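# An overview of the molecular structure
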Amino acid sequence: MFSDKEVFKKEFIETLEYTSSKTLDEASPINLYNTLGTMIRSYVSKNWINTIKTYQQSGEKQVYYFSMEFLLGRLLQSNMLNLNILNIVKEGLDDLGVNIDAIVEQEHDAGLGNGGLGRLAACFLDSIASLQLPGHGCGIRYKYGLFEQKLVDGYQLELPDYWLKEDYVWEVRRTDRSVHVRFGGHVEMNQDNGELTFEHKNYETVLAVPYDVPIVGFDNNTVNTLRLWSAEPVITGYDMYTSDRENYYKFLNYKRSIETISEFLYPDDSHFEGKKLRLKQQYFLVSAGLQSILQSYKRKIKASLRDLPEKIVLHINDTHPALIVPELMRILIDEEGFSWEDAWRITTQTCAYTNHTTLVEALEKWPISLFKELLPRIYMIVEEINERFCRDLWLKYPGEYNRISELAIIADEQVRMAHLAIVGSFSVNGVAKLHTDILKEREMNNFYQVYPEKFNNKTNGITHRRWLMSANPKLASHITDAIGTRWIKQPRDLIGLLKYANDSSFQEKVSQVKLDNKIALAKYIKAQTGIVVDEHSIFDVQVKRLHAYKRQLLNVFHIMELYNLLRENPNLDIVPRTFIFGAKAAPSYFFAKEIIKLINTVANVVNNDPHIQGKLKVVFLENYGVSIAEKIIPAADVSEQISTASKEASGTGNMKFMMNGALTIGTLDGANVEICDMVGRDNIFIFGLTSEEVLNYYSHGGYVARSIYNNDPRVRTVLDQLMDGFCGNDKVEFKDIYYHILSNNDEYFVLKDFDNYVETHQKVDLTYRDQKDWVKKSIVNIAHSGKFSSDRTIGEYATDIWGIRPVIIK
Ligand SMILES: *Cc1c(COP(=O)(O)O)cnc(C)c1O
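The paragraphs below set out a description of the structure included in this document. Keep in mind it's a predicted model, so treat the numbers as computed, not measured. (Residues numbered from 1 in each chain as written. Predicted model: local features only at pLDDT ≥ 70, side-chain atom pairs only at ≥ 80, totals over all residues. Heavy atoms only, no water.)

### Notes on the overall build of the protein chain
In terms of regular secondary structure, the protein chain is built from 34 helices and 25 strands. Relative to the 2.2 N^0.38 estimate, which gives 28 Å for 810 residues, the radius of gyration of the protein chain is 27 Å and therefore close to what a compact globule would have. Each principal axis of the C-alpha distribution contributes one length, and for the protein chain these read about 90 × 75 × 60 Å. Counting across all 810 residues of the protein chain, residues that qualify as buried make up 60%. Contacts in the protein chain between residues at least 24 apart in sequence constitute 76% of all its contacts with a sequence separation of at least 6. Carbon and sulfur atoms form 49% of the exposed surface of the protein chain, whose accessible area is close to 31700 Å². Seen as two clouds, the 92 positive and the 106 negative side-chain charges of the protein chain have centres 3 Å apart. (Helix = DSSP H or I, 4+ residues; strand = E, 2+ residues; numbered from the N terminus. Rg over C-alpha atoms; globule rule 2.2 N^0.38 Å. Buried < 20%, exposed > 50% of the residue type's maximum accessible area, 1.4 Å probe, protein only. Contact = heavy atoms within 4.5 Å. Areas by Shrake-Rupley, 256 points an atom, 1.4 Å probe, with all protein chains shown as cover. Lys, Arg positive; Asp, Glu negative; His and termini not counted. Charge placed at Lys NZ, Arg CZ, Asp CG, Glu CD.)

Pasting the structure below:
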């Protein structure tokens, strides 16, 4: 069908007629999108079927990646890229007078995630398929993804993200693979021939219906599956057509409450929300996913469940799906008749867990009362796991009551999900070297002492197919012109670019691409905000979720300081800067929302002050998400990665920027440390406290924010401006920020790092003046970015944790 463009054109017109009953002249952009999407979807279906069959016949071990979030973004362009048909399609559509980008833009982002964690899961799926590995995703088909952000008068407003308004062309509803998930009720214990049996009664049943999305590998025939579950009521004619009014209303309530389960994604990033509905979502995902995996295991693999650990791995992405541990125990014991000991051996050899954060506010701890009421049988199993674990600990640490209660899975009337995940898994990994070290030496040191063999590091990565080849095709093409095509399948080969770091002709091409991308972004900024920015200014970008620890506030304080300097001396010689922000705040995170308002308030003053001669611009782009990231990142000169050291587990935004030739200004936090190790101190701007210094302050005190306020006039001016209506704002508008710093002693060390940050930005300014030196550093960054391809990360997961091998699909 895609062998040549003439065949493609004919097929396109036929599919358009079939899907929309329209001719090309009458078709809307959405019609065209549906047509192309339908064609690509049907194009992959043979390979999809073939992949499933080949895995089954090979008997190879498969991994199931359980995640509450998959932040996929759009799929049309990346699927065409992976299928190697982007050019034929582009040329065919050109002939028809249709612009391919306009079609691609029609697709609604699948925003089924909050930020880094969900995007990581999406990059992993792309790498698993591209490395021909047998692995699949398990998630929830939220009816509403992460809210759409609008800015009104500088404030964030949340709108529902109804991404299914148009049919989603990539999914296939699989009613035949539906399963039942049970909630509530009570458990009866019976003696059956001397054996204890457990019967769950009076429960509420939810019908879990899977929707499958194909995950297309790059230039191979692999098509894996992302299975997303939707909650539906179990409907009987009796409920529906009952003449008993009361029963009928009961039924309507039941129907409504069930549908709520897969209705929306919780908009909290790195923050625990102890709502019953959230726990319901978690168990719904885990139970539906596991039942369907075990059904297909029994259907296809004629092995006993005893051999489960040789055939499958269940990966737990953060603690959100940790209930898979007791759920697997329940199925093995209650439904398959295994003894506790056998079930526990199978479970703990099958599950693996990734920790994503050390922030205490992110720890999932469920109140026993809520847990027990919703999941009575699962609670009994967790209790038993806890009792046996604590018994073992007593033997290991006799009399050490405190240590044991710190390690326990259930304590203080709460179930600690991280403890459950660690005890129930054979592998526990962190997501960057520094993060894993902090887990081992500090946050989880007591578990590390019990299970040193479980702990390992897997530094995060990003798919270079989406974040370089697809988002920045001109750069990708210059890279290929220089070093050939091997880097596409072996991203580490990007290191070959080091030879070209000083090559004037290559430097010129890289600079020109950056300028083109900046011009394109400037156009987008103008269209979105009305703000005109200078494409020759430094594009200094911080895009990521809004969080106190990510310190957008430090960035704003620096902007205010620069502005104050320029007002004093409008002729100050600085390289013009455009500061670009993008960030969603959780709707209930007031402090974060105040920072959004502050950025917009400062932007308003700075952008409209004629005295500063346009040397500064501040732009806040609304509704930051995957597709907007794909426009912004290729145009960035400077990447702001300025979290308080020790707080950002890895970061992946940092890697996307580096791969697109931006230079990082950052703290020694998360994967910044490894970026720095790769490129060397000359090619990155490092500043601020180290994680060790930060952690020492937390343990021993010794930091007084107010003394910096008293001694540094720049800091005093900026903070006072928050409170004196300097920005034309209400005087109490930013009081929480002011008091957070001065009364609560600046938990994230914004003032402590301010001086060094300002100084380091002066180095950025000086370095940028020497464009040859700048582009050289930029090329060095691109050359070293191969390490941060998620292909490297997934290769490590496959060998070190999962024990899975590639399966060639013919
Ligand atoms: C990569 C990505 C993130 C993660 O960014 P960090 O800077 O690592 O926090 C968040 N949101 C989107 C849309 C992304 O693409």
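### With respect to the sheet that holds strand β16 (residues 410-411)
Within the open sheet, the 3 strands sit side by side as β15-β17-β16. Their pairing is antiparallel. Where the open sheet ends on each side, the last strands, each with one partner, are β15 (365-367) and β16. Running at roughly 45° to strand β17 (residues 414-416), helix α16 (residues 417-424) makes contact with β15 and β17 of the sheet. (Pairing = 2+ DSSP bridges. Axes fitted to C-alpha atoms, helices over the stretch in contact; angles between N-to-C directions.)

### A closer look at the pairing of strand β23 (residues 638-641)
The two faces of β23 match: Val-638 and Glu-640 on one face and Ser-639 and Gln-641 on the other face are all buried. Inspection of the sheet shows strand β20 (residues 538-543) paired to β23 by 2 bridges, in the parallel sense. In the strand pairing of β23, Val-541 is matched with Ser-639. Following the chain from β23 across helix α26 (residues 653-659) to the adjacent parallel strand β24 (residues 663-666), one finds a crossover that is right-handed. (Right-handed = clockwise from strand over helix to strand, strands pointing away.)

### Here we look at the site of the ligand
Every one of the 13 residues lining the ligand counts as a neighbour, but Lys-544, Lys-550, Thr-652, Gly-653 and Lys-656 are closest to it. Lys-550 places a polar side-chain atom, nitrogen or oxygen, 2.8 Å from an oxygen atom of the ligand. Here the ligand has 390 Å² of accessible area as a free molecule, and 95% of this is covered by the chains. Looking at the shell around the ligand, the elements with two or more residues in it are α6 (116-130) and α26. (Near = heavy atom within 4 Å. Polar contact = N/O pair within 3.5 Å; in protein donor to acceptor, adjacent residues only side chain to side chain.)

### A look at helix α23 (residues 552-568)
For α23, built from 17 residues, the straight-helix expectation of 24 Å at 1.5 Å per residue is met to within 8% by its first-to-last C-alpha distance of 25 Å. Of all 17 residues making up α23, 14 are buried, and the element is well covered by its neighbours. (Expected span 1.5 Å × (residues − 1).)

### As for the nonpolar core
Ranked by internal contacts, the top residues of the largest apolar core, which has 202 residues, are Leu-36, Met-80, Phe-284, Leu-314, Phe-371 and Trp-802. At 11 residues, the largest contribution of residues to this core is made by helix α9 (residues 276-300). Those residues within four positions of Leu-314 in sequence are excluded, and the remaining contacts are Tyr-64, Phe-66, Leu-290, Ile-293, Ile-324, Leu-328, Thr-350, Cys-351 and Ala-352. Among the nonpolar cores identified, the runner-up in size contains 67 residues, and Met-560, Ala-583, Tyr-703 and Ile-708 belong to it. (Core = buried A, V, L, I, M, F, W, Y, C linked by side-chain atoms within 4.5 Å.)

### A short note on the sheet that holds strand β22 (residues 616-620)
Spatially, the 6 strands line up as an open sheet ordered β22-β21-β20-β23-β24-β25, and their pairing is parallel. Strands with a single pairing partner mark the edges of an open sheet, and in this sheet they are β22 and β25 (685-686). Here 2 bridges tie β24 to β25, and the two strands are oriented parallel to one another. The residue bridging Ile-665 from the neighbouring strand is Phe-685, located in β25. Across the sheet, α23 is in contact with β20, β21 (577-582), β22 and β23; its angle to β21 comes to roughly 155°.

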